[in-house]
Every structure is written in structure tokens, then in C-alpha cells.
Amino acid sequence: MKSHLHIKIVSMLAVFIVFFSVDTLAQHEVSGMVIDASTSEPLPAVNILVKGTTRGTTSDTNGQYELPVESSTDTLVFSYVGYESQEVPIQGRSEINVSLQAKAFVGEDLVVVGYGTQQREDVTGSISQVSSEEIEKYSTTDPSGVLRGRVPGLQVKSDGEPGAAPNIQIRGVGTFGNSQPLYVIDGVPVGTSIRDFNPNNIASIEVLKDASAAAIYGSRAANGVVLITTETGTKDTPLQVNYSGTFGVSEIWQDIPVTERENYQMLSNEGQINAGETLNPGNDPNHPNFVDDVNTDWQEEGLKTGQRMNHTLKFSGGGDYTTYNVSLDYVDDRGTLVGHGPDYKRYSARLNTTMEKGIFEFGQNFYYTHTDEKALNYNTNVLTGGRPPMIVDLNIAVPTLKVYDESNIGGCAGTKSDVHNVIVLNVPCTNQLLEGVTNVDRSFASGYAQANILDQDDQALTYKLNVSYDRTNVRNFNWVPEFEMGFFFNNTSARLNDGQDIYTTAVVENTLTYEKVFADRHDVTALIGQTYQKGSSVLRNGYSEAYGQPYFPVLDNGSNKTASGEEYENALASYFSRLNYNYDDRYLLTATIRRDGSSRFAPENRYGNFPSASVGWNLHNEEFIPLPDFISELKLRASYGKLGNQNIDDYLYSSTVNPGVVYNFDGSKVIGSIQTQITDSGIKWETKTTKNIGVDASFLDRTIDFSAEYYESVTSDILVGVPIPLSVGANNDPTVNAGELQNTGLEFSATYRKSRGDFTFEITANLSTLRNEVLALGGNDEPISGVGTRTEVGGEVGRHYGYVADGIFQSQDEIDDHAFQNAGTAPGDLRFKDLNDDGIINDEDRTYLGSGLPSINYGLNFAGEYKNFDFTIFASGMGDYLIHSRMYRTLMATSDYMNYHTDMLDRWTPENTNTDVPRRIVGDPNNNNRNSDRAGWLQDGTHLRINTLQLGYTLPENLIDYLSIRNARIYVNAQNVYTFTAYKGYNPDFTSGVFEPGYNNGSYPVPRTLTVGVDIGF
């Protein structure tokens, strides 16, 4: 009995010991620090999980962590966005310190290239990189806008309309057509615009600038390539939720100084008196219709405070073999002009997943976006008379005109012939009457399947299949009600245009990559691939008019209905191959060949071959070159190659016949046919040949990075539409291969990093130059004229062209002693130089007056951190070019009754002869307004813009723990803070046409935006 009792007691003690041991193990605690392997800086918010469980913690702002575990034999999994995950067995330790390596696509040592990645040290082509950290500091709805000033050799010009896509050129004007670069998102080409995509999903951007880097994309890469890598989930990471939100206000900070009522009337009267005309009734104090009770400030009436908000919600994570990333985004950008726009809204959703199983890997991206854009109302069917853009009309409107007049249909005031006798537009009221909306629904899906056929230490063979489908539905809705606005702008029949466009692109791509290391020194990577792309466009439009009130603008509710439609298809078939060779990390070679076939050319000219090669030499790895210790890396590189361009409309090699033309023969109606489109069936690939020489260097253990390059590119067989006489009977400008352009320049970039205690900072600067020359224009090399410009062989594209001003005539004797200008020339008129000394001023005295192309581009970025605070300032600019401002010239016109710039108050009068502004006279008999270099007519566009100022604060760890969140940061941001410039307009970096790059037709001003934002991780 005692024996049984003894056994029971021993058994109970054993069970107690077991439970006590388990409980003791549960109290085992592991702590340590997580740092960046390359910089030794602590990493905050790193996820630390016990493998196979959901138990874990995150590191604090100093990289420190503490985690209780159940067993000292467990394994910890360390993961962080942008870094490689790491598994570490505990093995009974209580302190575990970990160094995490940055991932390829976001680390500074690896660069995304076409169809793969490369070590930065191994890159031989011209590639620039923009990180996600830089992207996050710039508030924009268009991802391409963040490239401004950050990439040497890349020029960004933009208008301030919400949703407006910027114009981007890489290394100058390389063609007479569309010069936008090709965008590739996660390996899938998406065309020359990415406005519909959410910049908050971007992990990194690489810009491929020379043929060696871009040739793998062949026919579409002539204008450069922008590679965008988006965010993905992280393996072995539980669900992470991130929210970021911003709200801000926008204002037009520049004020164009125009005259108020009294000065306007005085200047207008002076011009009429000098011309011997009767004064306009509204400006004549002795007339009963004299206006003395209206003094409208049109900028005050037409401009308002805009609003901008952006909300993004992300979900990401992953298991042992899967990752996922889901994001939802909403943008609402309300513009600064009173009325129906410009406004822009975007709703978007994205899903990305990856999965691994054995030798196989699968992934997919699905992106959907819906946008509502209300662009500026510019309906030439109603607003006739060659109206300028609305922002110009706003500033030239006369102050003697009211905004509203309830006696008019629509309630808008307009100028009257018996009062104002001038044609100006009531912009704020017109913008409330007219309604134009563009709705876009875009669905973009892509997927890949990859098989790692061979995966050994010294060799690997990988097959990858990529497929994608991109469909965009566009609805263009334009409504014009009945209205009365004075004696010129009236609409007696309400009308509606309602159209739908559908664009689709499908791509199938196969690649095979083989990697092999021979004798530990010869590293070879060979890639072969095939791509097939098919695109289609379906364009439809409906028109209806004569709507009755109350309005319900649907096509069937109107009368005189018409419909039209067009359809196009195109295809591109390509084969490509690339060889990368690295000998002992010293000598580098990249060779690429691509063959493209395009349906946009006739069968005999359909295919083009585009080869390239580049070499590099890592001097710092050479034993026989004893570099100083302060040089960490030094590499020389050079490249040569050819790129193609087929970016023209479909079917331009094929003539068009209209079979429904009515003829009259002897009084009888006969239906016949006529060729209405003249074409050149021999058009072929446009080819761009590039050369590039560069040096990359790092100093003091990567404290300083420096890069310098010289480039030269020649574009031949340029595809361009050439004007033909109307007598030919065609209604088009046939596209031909005509012209040859050359661009040369230098590019420099430098980065300096410093850490001192709690303060760290980084300064990055870049500068690039550009020289453009026209080598040929086709045919007989006839010059091409633009708005105040001329393009001629031997000069650059779109040089300003006109007369040379030589002061102002002060007396009739001076006029008599000078070459004849005009019969009405009088004292106070401009004197122009007689360049050919023939005694008469005519077209033969015109000459080139300066460049419209900026020859210098520069950018500067400072980013600093002190404890929990961070600060960023970013500036960029362009220099050495002249601007022809339509708005300034209109406000300074000596011959009309529209409003005036206050500079006109300094015009020549008998009492004010010391001036460079000619006299006021209606009719302008001396043609003082002609294209010339008179004061103000060509303004210096050199500028430096403070693009971004941002101050942020990351919440401390104790507050993070109290709030039970993973991380949080709040910040304030100012954008388009100030522009240092002598230019008397809104935007010195406006968008323009290829043949008049310096002509500002009236770009919408870029507003100053102040925002507050928050980033929170759960």
C-alpha cells in the first residue's frame, strides 16, 4: 500500500516538474538589434516572428527588439519591406543581433534592367534610378511627374491642370512625332503614358537612356525606356496593413499685373486717338454708355482655392511560398479655376500575388482604375475666333465687363458692340455653362509562369512566360447649352457630343535565360526571347442638337443626330537576344540584338534589326592599378547601338479611296470614287543610333558617388507628316521618312552622404547639357516654320525667327534716314535692322533670334534626419532658352482694345521717350507686334523652382506601443513653393509643339500646394 502511494507521489512530482519546465521555457526571452547590412544603421519596424506561429514583435526606432519564446530551440524569422528575409535558430541564446540585406530592386547595389537585374558594379549602359523614398516625397497623381530634376538628361515639362500628364524627353528632341519614352511596369510594356497608374504602388524607377540599356525593347525604345517595379508582399510575414493619407489646398501664387478700369480706358483711348478713331462708347467719358461703375478683377473672379486629397490603403504579407499585396487608392484633385474644371478624380485597386512550388513560380498583377476628368472647356465649335487657352482669355478680359447678366440666356455677361466693342471671353461664367467630362475605365492584367529548369551553384536555366491584357474604355461627354454672351459669343441651339473609345493591347512573351560561371572568373548570362503584341482601337462618336428645356442631355433627346466611327488594328512581332559577360569583376560586356516586325509598314519594309553593345572596366578591381585608398570604386564604360521607332498611326502606307463622292455630269448626279489620302508606301523604320561614354566612381566607402557621361545620338529616316499643296486633292499630310537629327550632351550626377550622431543627411545633385542640330529635312531640305520659329538644316529644332529690334524712332528725321518700314511709321514705333542693307524692311531681314530648347537642366535634393524628424528640400530648373509668351504679347499688343499688362503704362509718348515699349495705336501700321526680339517678346526662361519642402516626424516607440500600431509618421509638405525666374508668365517649363519648343501658347499655371499627411502601419 505504501509502495503504491510512493509511486503515485513520484508520478505527481514528475508531472509537476514537466509542467514547471514548460512554464519556465515559456518565459525564455530573446532580445537584440536589427541593422542594415550595408550601412550598419538600425532598422525600425522589422517583423520578428517565431517560425510556424503568429507570435512575434517588431523592432523599435533604434532597431531593438524583445520577444518571449516557448522554446530555446525555436527559429526566428526576420522580415522587412525591401530587404531579404532571414531565418535564425535561437539555439539557447538570449541575444541575437541580425543584419538584413537589401533586395535587388530597391537596394543601391542592384539595378533593374530589361528582363532582369544587374549588380550596379556590372552595369555598362546608361541607367538612372529613382527610389521609392524619393517618390514618396513628391505628391502627384502621375508617376512620371516624380522624375523631374532627379534624372540627368531627362526633361519634364508640364501644365498645372489636375490630371494633366507631363511631357517627358530623354536626351533631347529625337523625333518629329511623339517623343515620349516607353513605360514598362513589372516587365510589361504599357505605352507612352502611365497617368492612370497609382504612384503609391511603386518600389523603384529605372530610366534606360542609351541603346545598350534600351535595345532589348527594340522598336519602342528610341525615345528611352522607363522601367517601373511595383511593390510586392514579403514571405513569412503576417498581414500588414498600411494607410497613407494627405489633404491639401492649392492656389495660383503668381498674379499677372494687368490694368484696372481707369488705366485700361486711358490706354485704349490713347490708341484710338493716335489712330484717328472714335472712342469706344464704354471708354468715352462724354458718352452716355460710359462705364464707370464696373471694375472687374478677372483673376479674383476666375481663380479659386483648389483642394487635393489622396487616400491609400495597403494589405501585404506572405507565407513560406506565397506573397500578396493589395492596395486601394482614391485621388480627388479639384482645380483652381471657377466652373466645371479642371478637376480630376481617380479610383484604383491593385492585386499582386506570387507563389512558388518546387521549380515553378507563378505571379500575377491586376490593376483597375476609374478616372473622371473635367478638362478646360475649349470648344472651338462654340468659342470661335481662334480663342487662346482659357487662362489667357481670363487675363485679357477687360475690367469694364461684368461677370453676370441675368437678362442674358445663361446669365453670363458679354461684351456689347455699342459699349465695349471688343471680343473677350467671360471665362468663369463660360466655364460654368459648358461641361466636358472624360470618364476612363482601365483594366490591366498580367501574369507570369517561371520554371527554374536548372538551379545549381555554378549554372542556372530559367524559362519564363509573360502574358498581359490592357483594356481602356473612354467616354468623352461634351455638353453646350443655349446661351447669350454679348455680340460675339452666342449659342442658339443646345448641343451634345457623346463618344466612346476602346483601346486594347495584348502581349505574349517567352524568355529563356542561362547563367553559367566558368573557372570562378567567367560569368556568362545569355537571354533569348520572343514577343507578340496586338493592339486595337475603336472610336465612336454621336452628335445631337436642338434640346429643349429642362435639359436632359442624352443623344436621343436631341434632333439632327449624326454618328461616326473608326476602327484600327496593329501588331508587333519581335525576337531578341542578349549576352552579358563578366570576367573576374573587371571586364564587362553586354551585347544585344532585337528584330522587330510592325504592321504599320508595308510587307517589304516591315522588319528592322536593332543591335547594341557596351563594355565596362572596373579599374578598382585591377591589381596593377594602385588606386588611392579614398577611391572605393572606379568604372569606365562605353556603348554603341541602334534603336527603332514605329510610333505612327496605323495604315499610313496604304492609300484611301472615298467611294461616295457625288459628281455632276451634264446635269445628272453620278456617284464616283476619289483618292483622298496621299501616302508613301515605302515608309520604313525610323532609326536612332547612339554612342555613350561614361565614368562611375565612389569615394570614401560610398560616402560620395559620382557619375559623368558624354552621349551622342543621331535619328535618321524620321517619320513625319509633310504638307502638300491643296491642288493635289488630298486632305492629309502624308507621312514620309524625312529628316535627320543629332543630339549631344554631357551628364553629371553626384551624391554625398554623412552621418554624425543623431543627424544624417544626403545631398544629390545632377546637371546635363543638350545641343541639338538638324542634319537633314528630306526632299530639298526646305525649312519648316512654326509659331515664330523656323527649323532649318544646320540649326536646332524650332529656333526663334524674326526681326531684330533696334530701338524706337524718336523723330521723323530718324524715320527718313532709316530703311523704309511702313507708310504709317511714326515717332514712337520700333526700328528694325536692315540686315541685307537693301533699304527696305521685309521678310528678307528676318534672322534667327535664339533657342527655344533649354540647353541646361539641373536638379538638387537634400534629405536629412535628426532623431525622429526628417526634412527634404528638392529643387530643379532649366536654363539658356528663350520663351515666346502668347499671353504677354497679347497683353502688350499696341493695336487692340483688350486689357493690358501694366508694362504698357511705360509705352512711348512724347513725354515718355526713354522706354523700350512702342506707342499705342490701333491698327499698328508699323507692325510693332511682329515676331522680333523687342523687349518682352522673347523672355529668358532660365529658372530654379523649389519643387518640394517636407518636414516629417516619426512617432517614438513608446507612443507606438501605447497606440498598438506598428509605425506612424506625420508630415507637412509644400509643393511648387517658388520659382526664381525673370519670366513674366506662369510656367517657364510649359508643354509645347516640337517645331516651336519655346512657344508658350498659354499653359495652365502650376499651383502652389500645401498638404498634411500621415502614414500608419498596423
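Rules behind the numbers
- Residues numbered from 1 in each chain as written.
- Predicted model: local features only at pLDDT ≥ 70, side-chain atom pairs only at ≥ 80, totals over all residues.
- Heavy atoms only, no water.
- UniProt positions renumbered as here; feature names shortened; annotations may be inferred.
- Helix = DSSP H or I, 4+ residues; strand = E, 2+ residues; numbered from the N terminus.
- Rg over C-alpha atoms; globule rule 2.2 N^0.38 Å.
- Buried < 20%, exposed > 50% of the residue type's maximum accessible area, 1.4 Å probe, protein only.
- Contact = heavy atoms within 4.5 Å.
- Pairing = 2+ DSSP bridges.
- Salt bridge = Lys/Arg side-chain N within 4 Å of Asp/Glu carboxyl O.
- Axes fitted to C-alpha atoms, helices over the stretch in contact; angles between N-to-C directions.
- Domains from an automatic or database assignment.
- Buried area = accessible area lost by both parts, 1.4 Å probe.
- Polar contact = N/O pair within 3.5 Å; in protein donor to acceptor, adjacent residues only side chain to side chain.
- Nonpolar A, V, L, I, M, F, W, Y, C, P; charged D, E, K, R; others polar.
- Expected span 1.5 Å × (residues − 1).
- Core = buried A, V, L, I, M, F, W, Y, C linked by side-chain atoms within 4.5 Å.
- Disulfide = S-S within 2.5 Å.

For the protein chain, an unreviewed UniProt entry supplies the name SusC/RagA family TonB-linked outer membrane protein and the organism Fodinibius salipaludis. UniProt, in the comment section headed Subcellular location (unreviewed entry), describes the protein chain in these words: "Cell outer membrane".

Below, the discussion takes up the overall build of the protein chain. A count of helices and strands for the protein chain gives 10 helices and 54 strands. Its C-alpha atoms give the protein chain a radius of gyration of 34 Å, near enough to 31 Å, the size a compact globule of 1018 residues would have. By its C-alpha atoms, the protein chain is 135 × 70 × 65 Å across when sized along the principal axes. Relative to its full complement of 1018 residues, the protein chain shows a buried share of 51%. The contacts in the protein chain between residues at least 6 apart in sequence include a share of 69% that link residues at least 24 apart.

Our focus in this paragraph is the sheet that holds strand β53 (residues 999-1000). Hydrogen bonds between backbone groups are what pair the strands of a sheet, and the pairing can be parallel or antiparallel. With mixed pairing, 3 strands are arranged side by side in an open sheet as β50-β49-β53. Of all the strands in the sheet, the pair left with one neighbour each is β50 (939-940) and β53. Where strand β49 (residues 882-885) lies against β50, 2 bridges are found, and the strand directions are antiparallel. Each bridged residue has a counterpart across the sheet, and for Leu-882 the counterpart in β50 is Asp-940.

Moving on: the pattern of salt bridges. Taken as a whole and assessed by the stated rule, the structure comprises 38 salt bridges. Between Asp-903 and Lys-984 there is a salt bridge; the shortest N-O distance is 2.7 Å. Of this pair, Asp-903 sits in the loop between α9 (886-891) and β50 while Lys-984 is found in the loop between β52 (967-981) and β53, placing the two residues 81 residues apart along the sequence. Classification of Asp-903 as partly exposed rests on a relative accessible area of 22%. For Lys-984, a relative accessible area of 39% translates into the label partly exposed.

This part takes up the pairing of strand β32 (residues 656-665). Bridging between β32 and strand β33 (residues 668-677) involves 8 bridges; their strand directions are antiparallel. When the sheet's bridge partners are listed, Val-657 is paired in β33 with Gln-675. Adjacent in sequence and paired antiparallel, β32 and β33 are bridged by 2 residues, among which Asp-666 carries a positive phi angle near 50°.

This part takes up the sheet that holds strand β43 (residues 799-802). Spatially, the 4 strands line up as an open sheet ordered β41-β42-β43-β46, and their pairing is antiparallel. In this open sheet, the two edge strands, each paired with only one partner strand, are β41 (784-786) and β46 (847-850). The mean inter-strand angle of the sheet, taken between neighbouring strand axes irrespective of direction, is 45°. As paired strands, β41 and strand β42 (residues 789-791) are joined by 3 bridges and run antiparallel to one another. Residue pairing for β42: Gly-786 is matched across the bridge by Thr-789.

With that out of the way, let us pick up the domain arrangement of the protein chain. Many descriptions give the size of an interface as the accessible area lost when the pieces come together. Domain boundaries assigned for the protein chain yield domain 1 (28-100) and domain 2 (795-804 + 847-893 + 932-1017). Contacts between the two partners involve 6 residues from domain 1, matched on the other side by 4 residues from domain 2. Regarding the contact of domain 1 and domain 2, the summed buried area is about 400 Å², with carbon and sulfur atoms giving 56% of it. Where domain 1 touches domain 2, the interface holds 0 salt bridges. Our count for the domain 1 to domain 2 interface comes out at 0 residue pairs in polar contact (both at pLDDT 80 or more). Classifying every residue of the side of domain 1 that touches domain 2 by side-chain character gives 1 nonpolar, 4 polar and 1 charged.

Turning our attention to the side chain of Gln-533. For Gln-533, the position within the fold is in strand β27 (residues 522-545). Its relative accessible area of 15% is what places Gln-533 among the buried residues. Not counting residues within four places of it along the chain, the set of residues in contact with Gln-533 comprises Arg-220, Thr-505, Ala-506, Val-507, Asn-570, Ala-571 and Leu-572.

The next subject is helix α4 (residues 261-275). An ideal rise of 1.5 Å per residue puts 21 Å on 15 residues; α4 measures up with 21 Å between its terminal C-alpha atoms. Every buried residue of α4 is accounted for by Arg-261, Tyr-264, Gln-265, Leu-267, Ser-268, Asn-269, Glu-270, Gly-271 and Gln-272. Residue Glu-260 occupies the N-cap position of α4, its side-chain oxygen lying 3.1 Å from the main-chain nitrogen of Glu-262. Positive phi shows up at Gly-276, right after α4, with a value of about 75°.

Within the fold, Arg-346 resides in strand β20 (residues 343-357). Relative accessible area serves as the criterion here: at 0%, Arg-346 is assigned to the buried category. Among the polar contacts made by the side chain of Arg-346, one reaches the main-chain carbonyl oxygen of Arg-195 at a distance of 3.3 Å.

The biggest cluster of nonpolar side chains holds 45 residues, and the ones touching the most others in it are Leu-303, Leu-337, Leu-383, Ile-391, Leu-394 and Phe-483. Those elements that provide at least two residues to this core are α4, α6 (390-396), α7 (427-433), β24 (483-485) and α9. The element that contributes the greatest number of residues to this core is α6, accounting for 5 residues. Excluding residues that lie within four positions of it along the chain, Phe-483 makes contacts with Val-382, Ile-409, Leu-433, Leu-434, Phe-489, Asn-490 and Asn-491.

Looking at where Leu-239 falls in the secondary structure, it is placed in strand β17 (residues 237-251). Sequence-wise, Leu-239 and Gly-317 are 78 residues apart; in three dimensions their C-alpha atoms are separated by 4.8 Å. In contact with Leu-239, not counting residues within four places along its chain, are Phe-315, Ser-316, Tyr-324 and Phe-1018.

Evaluation of the coordinates by the stated rule reveals 1 disulfide. A sulfur-sulfur distance of 2.0 Å marks the disulfide that ties Cys-412 to Cys-429. Of note, the bridge from Cys-412 to Cys-429 carries an S-S torsion of about -85° and is left-handed in sense. Taken as a pair, Cys-412 in the loop between α6 and α7 and Cys-429 in helix α7 lie far apart in primary sequence, 17 residues in all. Just as Cys-412 is buried, Cys-429 falls in that class too.

What follows covers unusual backbone geometry. A cis amide bond links Gly-341 to the next residue, Pro-342, at an omega of 10°. Here Pro-342 shows up in the loop between β19 (322-334) and β20. Residue Gln-549 is joined to Pro-550 through a cis peptide bond whose omega torsion reads 0°. Mapped onto the elements of the fold, Pro-550 is located in the loop between β27 and β28 (559-583). A positive phi angle, near 55°, is found at Asn-927, a position not held by glycine. Residue class for Asn-927 comes out partly exposed when judged on its relative accessible area of 35%. The backbone phi angle of Ser-964 is positive, close to 60°, even though this residue is not glycine. Looking at the secondary structure, you find Ser-964 in the loop between α10 (957-963) and β52.

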